[in-house]
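Examining the three-dimensional arrangement
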Amino acid sequence: MTVSQDLYLSGVALTFLIAFSSLYIQLPGLYGEKGLLPAGNVIQREPQSISEFLDQPTLLRYRYRYWLDTESAMDVVCVSGIILSFLATVNAPMRTTLVYAILWILYMSMYSVGQTFLWFQWDILLLEAGFLAMIVAPLQILGLPSKHHHDNVTMWLVKWLLFRLMFASGVVKLQSHCDTWWSLTALDWHFESQCIPTPLAWYFHHTPQWFRMFSNASVFVIQIAVSFLFFAPTKTLRMFSFYAQVSLQLLILMTGNYNFFNLLTIVLCFSLIDDYSVHRPLGRGARKQWQKTLNMLKSSCGTLLNLTAFAVLAVFSYKYFSFSISDGVIFSKINFTKQGFAVYVYYATGVSIWVAISSLLWEISTALYKSVTVEKGFVKVFYSVFSTVVMSSVVIFMFCISLVPHTVIERSIQSKLPPQIFRWHQQTDNLQLVNSYGLFRRMTGVGGRPEVIVFGSNDKVNWKEYTFLYKPGQLERRPPVVAPHQPRLDWQMWFAALGSYQHNHWFIVMLYRLLENEPTVLSLMQDNPFPQQPPKYIKAQLFTYHFSAISTRRKWWERDDYPQEYTPILTKDDKNLVAYLTQNNILPGRKRYAPYGKLDSGMRSIRAVVEGIDPALFVFSLSFLAIVNLVFLKLLRF
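Residues numbered from 1 in each chain as written. Predicted model: local features only at pLDDT ≥ 70, side-chain atom pairs only at ≥ 80, totals over all residues. Heavy atoms only, no water.

1. A short note on the overall build of the chain
Within the chain, the secondary structure is distributed over 24 helices and nine strands. For 638 residues, the compact-globule formula gives about 26 Å, and the C-alpha radius of gyration of the chain, at 27 Å, lands near that figure. C-alpha atoms of the chain, sized along the principal axes, occupy 95 × 70 × 50 Å. Partitioning the intrachain contacts of the chain with sequence separation of at least 6 by distance along the chain shows that 76% fall at a separation of at least 24. (Helix = DSSP H or I, 4+ residues; strand = E, 2+ residues; numbered from the N terminus. Rg over C-alpha atoms; globule rule 2.2 N^0.38 Å. Contact = heavy atoms within 4.5 Å.)

Following this line, the structure appears as structure tokens:
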């Protein structure tokens, strides 16, 4: 197995471990019988055929066959995912196609019924990366070797996914015509308006504006221009793009809690690392002299290509972002029009496809050449060529269907794709094999961060504030460091503040659960201001938050004194509220299935052990333990 393969597979396993453990600790409050979005309401009946299963691909549909209710079945899926991903992270022999297939099916089972709380781009990114891990990982059956000549072909798919992710993330920001992106002032608002900032975000928010504008322009250069270097023929250019992308992800990680997204993106970047595994030389003694001459020629051409690429990148940055230095200050501004950018996207999207095709054909040709020239004996040559042809066919199919989401950013290019590709994509779309991406399309919180604060009262006069685990609330509360855990309720509260409660069904359910003092929902919050009995009245108000000024450093946040009404005052017996919840199958509630058996009992025992543990600490402890074991085993091999 190559170094890049090993890093990628162990990284995907670690990401699965984080995702499963983070979700597991929140299951009762999110999807339990009295949770915010009871999963039992959306799980279809047990399928009778494969086509029926694919309509909603989740193992939870078989829960009654094993005498489990919905909550216990979800626990089984997550606990199985935690155990299997932990073993795959620390133990190289566990990183096989079968293991990643099981992990992918388990996470797909949760995603299919996860509703709003699992509809994030990093969830579908993990599904796509996990499916690619199935292709990249060795079969390790019947004594088959774990190293193949087609390894670089399958790893090419990972590189292509990374390119689609980064290129689209840069393009959509400017395609949105958001004024802050075009004026390079997006970072004036980003640090305080992102979902869950870290303490360092406060300091970055107070950096000089020229630095924030330069950082904004650098993001565009790294995502839109440097991404093309993923397919460069020289190691220097590919490693330059690797360090640029990883540096960007580390800076994002330092200033924002984006759960496992930054880790997963860095894992994708491992596809840019050269293969340091040892291969037998292609030539023999008679070829040594001309190989030396050829290597010298290749080295000279490579150096010339590197210098040319860096020069083009420098000219690109200077011409289109007007970088200049004066008195120790870097000035930058966008020096192209929206119409000109649209023309660039048209040509760049087309070029990216042809560059990808050329790069893929080179990898396939190289793999076939090595299969014929390196292997000895008819059987080994036949097996190597056959496996290369099969895996190359799989890679070509995946590349073809990925062109549909890739060209979403340029519809005129998309319309020219062959009809068969659209049919293939439509047939596999429900499995989330390939997806379109584009993070931070528009900058939110321009003019101030909208924040929903929930209050309860028993007399409509004295109102007490509910404090959530991680999102901003109390002004003196320091922003937390919670990554790689994703508090999904806190994240959805951020989205709720950008819209209205009418478009967030779960929000009304949450208010009702608070009027009941439902413990599973309260476990998703920091404290309950009504521990003895639930409040009679509840409401939500919309505040505008800002990071505190440097002069008022005693508080981290400031907020306005005149909030807007987000929801009216509600009571538990409000007729409209009860009618709404009844219509949406929240009340009176589904008839509870009575589970029994050792499997259900085991899940409840495990749940009792982890109950009350801080979610972020739980996730961090498991991931840290996996990393320590991985490093320890690596050191033992040396």
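Resuming the write-up.
2. Some words on the packing of aromatic side chains
Here the structure, examined in full by the defined rule, presents 58 aromatic pairs. For the pair tryptophan 160 and phenylalanine 231, a centre-to-centre distance of 6.4 Å together with 50° between the ring planes defines the contact as tilted. Taken together, the residues tryptophan 160 in helix α7 (residues 151-175) and phenylalanine 231 in the loop between α11 (209-225) and α12 (235-255) connect sequence positions 71 residues apart. Side by side, tryptophan 160 and phenylalanine 231 carry an identical accessibility label, which is buried. Here the aromatic rings of phenylalanine 321 and phenylalanine 336 are separated by 5.8 Å at their centres, their planes lie at 90°, and the arrangement is edge-to-face. Placement of the pair is phenylalanine 321 in helix α14 (residues 288-321) and phenylalanine 336 in the loop between β2 (329-331) and α15 (338-373), with a sequence separation of 15 residues. No difference in accessibility class separates phenylalanine 321 from phenylalanine 336, as the two residues are buried. Sitting over the face of the ring of tryptophan 182, lysine 338 holds its NZ or CZ atom 5.8 Å from the ring centroid. (Phe/Tyr/Trp six-rings, centres within 6.5 Å; stacked < 30°, edge-to-face > 60°. Buried < 20%, exposed > 50% of the residue type's maximum accessible area, 1.4 Å probe, protein only. Lys NZ or Arg CZ within 6 Å of the ring centre and 35° of its normal.)

3. Section: the side chain of aspartate 69
With respect to the helices, strands and loops of the structure, aspartate 69 is situated in the loop between α3 (50-55) and α4 (70-90). At 2.8 Å, the side chain of aspartate 69 forms a polar contact with the backbone nitrogen of serine 72. (Polar contact = N/O pair within 3.5 Å; in protein donor to acceptor, adjacent residues only side chain to side chain.)

4. Regarding the nonpolar core
Ranked by size, the top nonpolar core spans 188 residues in total, and within it Tyr8, Val454, Leu489, Phe507 and Met510 carry the most contacts. With 16 residues, the top contributor of residues to this core is α7. Trp202, Ile453, Leu475 and Phe547 belong to the second-largest nonpolar core, a separate cluster that totals 13 residues. (Core = buried A, V, L, I, M, F, W, Y, C linked by side-chain atoms within 4.5 Å.)

5. Overview of the pattern of salt bridges
Summed over all chains, the structure comprises 14 salt bridges. Residue arginine 45 pairs with glutamate 52 through a salt bridge whose shortest N-O separation is 3.1 Å. Glutamate 52 gets classed as buried once you look at its relative accessible area, which sits at 16%. Of the charged contacts in the structure, one is a salt bridge between glutamate 451 and arginine 449, with a shortest N-O distance of 2.5 Å. The burial state of glutamate 451 is the same as that of arginine 449; both residues are buried. (Salt bridge = Lys/Arg side-chain N within 4 Å of Asp/Glu carboxyl O.)

6. A few points about α11
Two residues of an α-helix separated by three or four positions point the same way, owing to the 3.6 residues in each turn. Under the 1.5 Å per step criterion, the end-to-end length of α11 is 24 Å for 17 residues, consistent within 8% with the ideal 24 Å. Extensive coverage of α11 is indicated by the burial of 13 of its 17 residues. (Expected span 1.5 Å × (residues − 1).)

7. Notes on unusual backbone geometry
Note the cis peptide between alanine 483 and proline 484, where omega equals 15°. Within the secondary structure, proline 484 is located in the loop between β5 (467-468) and α19 (488-497). The phi angle at glutamine 432 is positive, at roughly 55°, despite the residue not being glycine. Of note, glutamine 432 is situated in the loop between α18 (419-428) and β3 (449-457). The buried category is assigned to glutamine 432, whose relative accessible area is 13%.

8. Observations regarding the side chain of glutamine 492
Within the element layout of this structure, glutamine 492 appears in helix α19. Those residues in contact with glutamine 492 that lie beyond four places of it in its chain are Thr116, Phe117, Phe120 and Trp506.

9. With respect to the packing of helix α16 (residues 378-406) against α18
Taken N-terminus to C-terminus, the directions of α16 and α18 make an angle of 90°; their axes are 9 Å apart at the nearest point. In terms of orientation, α16 and α18 fall into the roughly perpendicular class. For the pair formed by α16 and α18, the contact residues are Phe397, Cys400, Ile401, Leu403, Val404 and Pro405 on the first element and Ile421, Phe422, Trp424, His425 and Thr428 on the second. (Axes fitted to C-alpha atoms, helices over the stretch in contact; angles between N-to-C directions. Parallel < 35°, antiparallel > 145°, perpendicular 65-115°, else oblique.)

10. Describing the pairing of β3
The element β3 is extensively covered by neighbouring structure, given that nine of its nine residues are classed as buried. Taking every second residue as pointing to the same face, both faces of β3 are buried, with Arg449, Glu451, Ile453, Phe455 and Ser457 on one and Pro450, Val452, Val454 and Gly456 on the other. Judged from the nine bridges that link them, β3 and strand β7 (residues 537-547) form a sheet pairing that is antiparallel. In the strand pairing of β7, phenylalanine 455 is matched with lysine 539. As paired elements, β3 and strand β4 (residues 464-465) share two bridges and run antiparallel to each other. Considered in β4, the bridge of phenylalanine 455 is made with glutamate 465. (Pairing = 2+ DSSP bridges.)

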